[in-house]
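# Coordinate analysis (summary)
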Number of protein chains: 2
Amino acid sequence: MCEANAYLLGNDGESDETLLMEAVDKIEPDEDGIRLVSIFGEQKFIKGHVHSLSLVDHKVYIKQ
Amino acid sequence: MCEANAYLLGNDGESDETLLMEAVDKIEPDEDGIRLVSIFGEQKFIKGHVHSLSLVDHKVYIKQ
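Just so it is clear, the structure is predicted and the values come from calculations on it, not from any experiment. (Residues numbered from 1 in each chain as written. Chains lettered and ligands numbered in written order. Predicted model: local features only at pLDDT ≥ 70, side-chain atom pairs only at ≥ 80, totals over all residues. Heavy atoms only, no water.)

With 21 residues of chain B at the interface, the matching set in chain A holds 21 residues. Taken over both partners, the interface formed by chain B and chain A buries close to 1700 Å², and the fraction arising from carbon and sulfur atoms is 65%. Three residues stand out in chain B for area buried against chain A, namely B:Cys2, B:Leu53 and B:Leu55, and they jointly supply 38% of the buried area on that side. If you look at where chain B meets chain A, you find 2 salt bridges. Our enumeration of links across chain B and chain A arrives at 8 residue pairs in polar contact (both at pLDDT 80 or more). (Contact = heavy atoms within 4.5 Å. Buried area = accessible area lost by both parts, 1.4 Å probe. Salt bridge = Lys/Arg side-chain N within 4 Å of Asp/Glu carboxyl O. Polar contact = N/O pair within 3.5 Å; in protein donor to acceptor, adjacent residues only side chain to side chain.)

Now the structure itself:
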């Protein structure tokens, strides 16, 4: 499986990241934000956008 | 390896997609667009943003 963990980026650069959701499969635009869906079907809405990806590291960075 | 293929989404819905780059590792913001970097080090700049992800399907959708 090639899911990734989604992190919320803060304003203090790369070290300022908070885990939002593990095992993310899908991210889709939803109204004024995005909806994250994990491989387990868990869903989370975030007012933000995909900032960057590092797929080999299994990381997706979200910014508000 | 958990790289994905990046597709450019057109305006005709899900069927309107063009392969931009295979084996994408990183996507990062770059000036007024994004820079895609493959696992082979190949780079491509696109004036667009990450629209959605479907990681288990190894797909990243970009929209201009």
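Let's pick the thread back up.
Attention now goes to the nonpolar core. Grouped together as the largest cluster of nonpolar side chains are 30 residues, with contacts concentrated most on A:Ile27, A:Val60, A:Ile62, B:Ile27, B:Val60 and B:Ile62. Ignoring anything within four residues of it in the chain, the contact list for A:Val60 reads A:Ala4, A:Asn5, A:Ala6, A:Tyr7, A:Ile27, A:Val50, A:Ser52, A:Leu53, B:Leu53 and B:Leu55. (Core = buried A, V, L, I, M, F, W, Y, C linked by side-chain atoms within 4.5 Å. Buried < 20%, exposed > 50% of the residue type's maximum accessible area, 1.4 Å probe, protein only.)

Attention shifts here to the side chain of B:Ser54. Looking at the element boundaries, B:Ser54 is found in strand 5 (residues 49-54). On the accessibility criterion, B:Ser54 (7% relative accessible area) is buried. Once residues lying within four places of it in the same chain are set aside, the contact partners of B:Ser54 are A:Asp25, A:Lys26 and B:Lys59. (Helix = DSSP H or I, 4+ residues; strand = E, 2+ residues; numbered from the N terminus.)

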